[in-house]
Amino acid sequence: MIDSKGYRPNVGIILCNDEGRVFWAKRKGANSWQFPQGGIDFDEDPETAMYRELWEETGLRAEHVQLLGRTRYWLRYKLPERYIRKNSLPLCIGQKQIWFMLRLLSDESLVRFDCGQKQEFDNFKWVEYWYPLQDVVYFKRRVYRKAMDELGSLLMADNVQVDAAGYLSGCQES
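All figures in this text were calculated on a predicted structure; none of them were measured in a lab.

(A) Summary view of the packing of aromatic side chains. Summed over all chains, the structure comprises 14 aromatic pairs. Their ring planes at 75° and their centres at 5.7 Å tell us that Phe-23 and Trp-126 sit as a pair that is edge-to-face. Residue Phe-23 is found in strand 2 (residues 22-27), and its partner Trp-126 is found in strand 8 (residues 121-127); the two are separated by 103 residues along the sequence. The buried category is assigned to Trp-126, whose relative accessible area is 13%. Cluster of aromatic residues (ring-pair linked, three or more members): Phe-23, Phe-113, Phe-124 and Trp-126.

(B) Summary view of the nonpolar core. Within the largest apolar cluster, 26 residues are counted, with the highest numbers of intra-cluster contacts made by Ile-14, Phe-35, Trp-99, Met-101, Tyr-129, Tyr-144 and Leu-155. Sorting the residues of this core by element identifies strand 1 (7-16), strand 2, strand 6 (75-78), strand 7 (94-104) and helix 3 (141-152) as the ones contributing at least two each. Examining the composition of this core, we find that five residues originate from one element, helix 3, more than from any other. Filtering out sequence-adjacent residues up to four positions away, Tyr-129 remains in contact with Ile-14, Gly-20, Val-22, Met-101, Met-148, Leu-151, Gly-152, Leu-155, Gly-166 and Tyr-167. Core analysis: the second largest hydrophobic core is formed by 20 residues, Ala-25, Met-50, Leu-54 and Ile-98 among them.

(C) Representation of helix 3 within the structure. The terminal C-alpha atoms of helix 3 lie 16 Å apart, and with twelve residues this matches the ideal 16 Å at 1.5 Å per residue to within 8%. Taken together, the buried positions of helix 3 are Val-143, Tyr-144, Arg-145, Ala-147, Met-148, Leu-151 and Gly-152.

(D) View of the pattern of salt bridges. Tallying each qualifying case throughout the model produces twelve salt bridges. Here Asp-122 and Lys-26 are joined by a salt bridge, their closest N and O atoms 3.2 Å apart. Taken together, the residues Asp-122 in strand 8 and Lys-26 in strand 2 connect sequence positions 96 residues apart. A relative accessible area of 17% places Lys-26 in the buried class. Here Arg-112 ties to Asp-114 by a salt bridge, and the two come within 2.8 Å at their closest N and O atoms. Among the ionic contacts, a cluster of salt bridges with common partners joins Asp-41, Glu-44, Arg-52, Glu-53 and Glu-56.

Rules used in this analysis
- Residues numbered from 1 in each chain as written.
- Predicted model: local features only at pLDDT ≥ 70, side-chain atom pairs only at ≥ 80, totals over all residues.
- Heavy atoms only, no water.
- Phe/Tyr/Trp six-rings, centres within 6.5 Å; stacked < 30°, edge-to-face > 60°.
- Helix = DSSP H or I, 4+ residues; strand = E, 2+ residues; numbered from the N terminus.
- Buried < 20%, exposed > 50% of the residue type's maximum accessible area, 1.4 Å probe, protein only.
- Core = buried A, V, L, I, M, F, W, Y, C linked by side-chain atoms within 4.5 Å.
- Contact = heavy atoms within 4.5 Å.
- Expected span 1.5 Å × (residues − 1).
- Salt bridge = Lys/Arg side-chain N within 4 Å of Asp/Glu carboxyl O.

Take a look at the structure:
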């Protein structure tokens, strides 16, 4: 599903642990890392798509996480020209994403990568909150920054049992 401006609706997931570190997933067969994310199907709202993608990409279910919040608006990024598939219609020039912040409630041993039709990831690690900004592919960096800026403050809420020091530490870009 591509919107009238050429953007594919998508969800992104920032999953944190109780230390304020975030789930950083390695793409299968590549040395490329990212947050879990995926497309929104025609009959889905963003939250439904997020839980489906969470299951497909990490093996985690709604009962394994606490939903802390989501971005207020769509965040967009354009694909570099070389990644645009010119021969597929409708033409997709990038993605528009709603990002969600989740907290892991269960044991990380429940994480598995074989739940979807196509395995996206083959490994993960917990990293300092701002680390993904220096490691994600360059054309996603701006949207990651916006999502992380907006959602990071949720880790400091009184009702969230996360060590906010993990959020505050790391390599925040200037």
